[in-house]
Amino acid sequence: MIIANRKPFEEIVDMLKPYKRILLLGCNECVTVCAVGGAKEVAVLSSELAMYRAKEGQPIDIKEHVLERNCDPEYVEALIQVIGDREVILSMACGCGIQFVGERYRNIPVLPGVNTTFYGVTEEHGVWTERCQGCGNCILDKTMGICPVSRCAKSLFNGPCGGSQGGNCEVNKDTPCAWQLIVDRYKERNMLHRYLELQPIKDWSTSRDGGPRKRVREDLKI
Amino acid sequence: MRLNYPTNVKIIKVPCTGRVDVIHVLKAFEHGADGVFLAGCLEGECHFLKGNLRAKKRVAHIKTLLDECGIGGERVAMYNLSSAQGQRFAEIAREMTEKVRQLGPNPIKIEKGSNN
Ligand code: SF4
Ligand code: SF4
């Protein structure tokens, strides 16, 4: 799923300074699961903002709403019933959702309430970690199911750098070294010989380097 | 036991402090409460195993939220006591009331008052 962090409160307060009637918009998908932009977090931010502005003597009128998804046109379309007299939308969806709502409703600013951060998993309740960078040409079959693109700080393809220490990455001691994980897995499965197979230089044109990506399935188009 | 505790303390009963969510406490402040305390069972004695420990973590989180929105994290507290400690409850209620009195009223109310 897509993982995000809530923006610092002061930054949000600053963005909303010129506005009185806001729509605080959440999303029921990834940002709900990673506890940053679902109904609960919308309610909490709304309450915080209401208190802050009341205390400042600049009361704010907040309408809370959560869309099933912010990245699909049918749900975004339904917002038309909700926007009404709102002056601004503060979205707690991921960057995709924020933009998509903004593209549909051009006469109202759609501001980001979160910093969209990575594609990851819930390692344990309350802990999320990165697993994929959407490089567009998956090599998990060659690396024992561990992604060196996203999990190695240097995206190395043929073994660790010199900084791998005690199983951890030199960039951050709390992060396991991806290559240590890969080698451990080779050993576990008695496949260490595969470690010697050289990976060719990666063609990054399928990744961000090739520009914004698009996927089309002609058979699904209406 | 006929114990006395300050009349300004309003009690809201929940099955377990683990039921108390962040938003419940924020709403209390939004509606003008000057302080909120959670009275949970003693640590290690939760009927639901970890309800009071969860509440403790939530209270810590609520403190940061109240600090960032300018209400003040000191206005919320977590206490642990058993249901047989009526005396202690009365003591905590007085302690908390005193602390909140020193902090003064909820800043939202002050602002609303000044507009009148
Ligand atoms: S190799 Fe590419 S597609 Fe596969 S998990 Fe890593 S970043 Fe994602
Ligand atoms: S220590 Fe491991 S994960 Fe970190 S940069 Fe080096 S090879 Fe990559």
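Residues numbered from 1 in each chain as written. Chains lettered and ligands numbered in written order. Predicted model: local features only at pLDDT ≥ 70, side-chain atom pairs only at ≥ 80, totals over all residues. Heavy atoms only, no water.

**Q** Now, about the pattern of salt bridges: what can you tell me, with residues and values included?
**A** Here the structure, examined in full by the defined rule, presents 23 salt bridges over all chains. Here K40 of chain A ties to D21 of chain B by a salt bridge, and the two come within 2.9 Å at their closest N and O atoms. In this pair, K40 of chain A is assigned in helix α3 (residues 39–55) and D21 of chain B in the segment before α1 (22–30), connecting two distinct chains. For K40 of chain A, a relative accessible area of 53% gives the class exposed. Its salt-bridge partner being R88 of chain B, residue E91 of chain B comes within 2.8 Å of it at the nearest N-O pair. Separated by three residues within a single helix, E91 of chain B and R88 of chain B lie in helix α3 (residues 86–103), roughly one turn from each other. Take E91 of chain B: its relative accessible area is 38%, and that puts it in the partly exposed class. Salt bridges linked by common partners bring R21, D61, D85 and R86 of chain A together as one network. (Salt bridge = Lys/Arg side-chain N within 4 Å of Asp/Glu carboxyl O. Helix = DSSP H or I, 4+ residues; strand = E, 2+ residues; numbered from the N terminus. Buried < 20%, exposed > 50% of the residue type's maximum accessible area, 1.4 Å probe, protein only.)

**Q** Residues and numbers for the site of ligand 1, please.
**A** Around ligand 1, the neighbouring residues are C132, Q133, G134, C135, C138, I139, L140, C147 and V149 of chain A. Taken together, the residues of the shell around ligand 1 break down into seven nonpolar, two polar and no charged. (Near = heavy atom within 4 Å. Nonpolar A, V, L, I, M, F, W, Y, C, P; charged D, E, K, R; others polar.)

**Q** Would you mind going over the packing of α1 of chain B against helix α2 (residues 51–68) of chain B in detail, with residue names and values included?
**A** Geometry of a packed helix pair, given as the angle between the helix axes and the separation of the axes. Residue and element names in this part refer to chain B. In contact at an axis separation of 10 Å, α1 and α2 are set at 40 degrees when each is read in the N-to-C sense. With respect to α2, the element α1 is oriented oblique. Here α1 and α2 pass one another in a crossing that is right-handed. Contacts from V22, V25, L26 and F29 in α1 reach R58, H61, I62, L65 and L66 in α2. Across the contact of α1 with α2, the residue classes tally to seven nonpolar, one polar and one charged. (Axes fitted to C-alpha atoms, helices over the stretch in contact; angles between N-to-C directions. Parallel < 35°, antiparallel > 145°, perpendicular 65-115°, else oblique. Left-handed = near helix turned anticlockwise from the far one by under 90°. Contact = heavy atoms within 4.5 Å.)

**Q** Before we move on, can you summarise the confidence of the model for chain B with the specific residues and values?
**A** The predicted model of chain B has a mean per-residue pLDDT of 94, with 97% of residues at 70 or higher. Of the two predicted TM-score estimates for the complex, the pTM is 0.94 and the ipTM is 0.93. (pLDDT = per-residue confidence, 0-100.)

**Q** So what about the sheet that holds strand β6 (residues 114–124) of chain A? Which residues, and what values?
**A** All names here are of chain A. Spatially, the three strands line up as an open sheet ordered β1-β6-β7, and their pairing is antiparallel. Two strands bound the open sheet, and with one partner strand each, they are β1 (2–6) and β7 (127–132). Pairs of neighbouring strands in the sheet enclose a mean axial angle of 70 degrees, with direction left out of account. Pairing geometry for β6 and β7, over five bridges, is antiparallel. What sits directly across from G120, in β7, is E130. (Pairing = 2+ DSSP bridges.)

**Q** Explain the interface of chain B and chain A to me, using residue names and the numbers behind them.
**A** Between chain B and chain A, the contact holds 16 residues from the first and 14 residues from the second. When chain B packs against chain A, the two sides together hide about 1,300 Å² of surface, and 67% of this comes from carbon and sulfur. Interface area lost by chain B to chain A is led by E68, C69 and E111 of chain B, which between them contribute 38%. Where chain B touches chain A, the interface holds two salt bridges. Along the contact surface separating chain B from chain A lie three residue pairs in polar contact (both at pLDDT 80 or more). Sorting the residues of the side of chain B that touches chain A by element identifies α1, α2 and α4 (107–115) of chain B as the ones contributing at least two each. Broken down by element, the side of chain B that touches chain A gets its largest block of residues, six residues, from α1 of chain B. Looking at the side of chain B that touches chain A residue by residue, the classes come out as 10 nonpolar, one polar and five charged. (Buried area = accessible area lost by both parts, 1.4 Å probe. Polar contact = N/O pair within 3.5 Å; in protein donor to acceptor, adjacent residues only side chain to side chain.)

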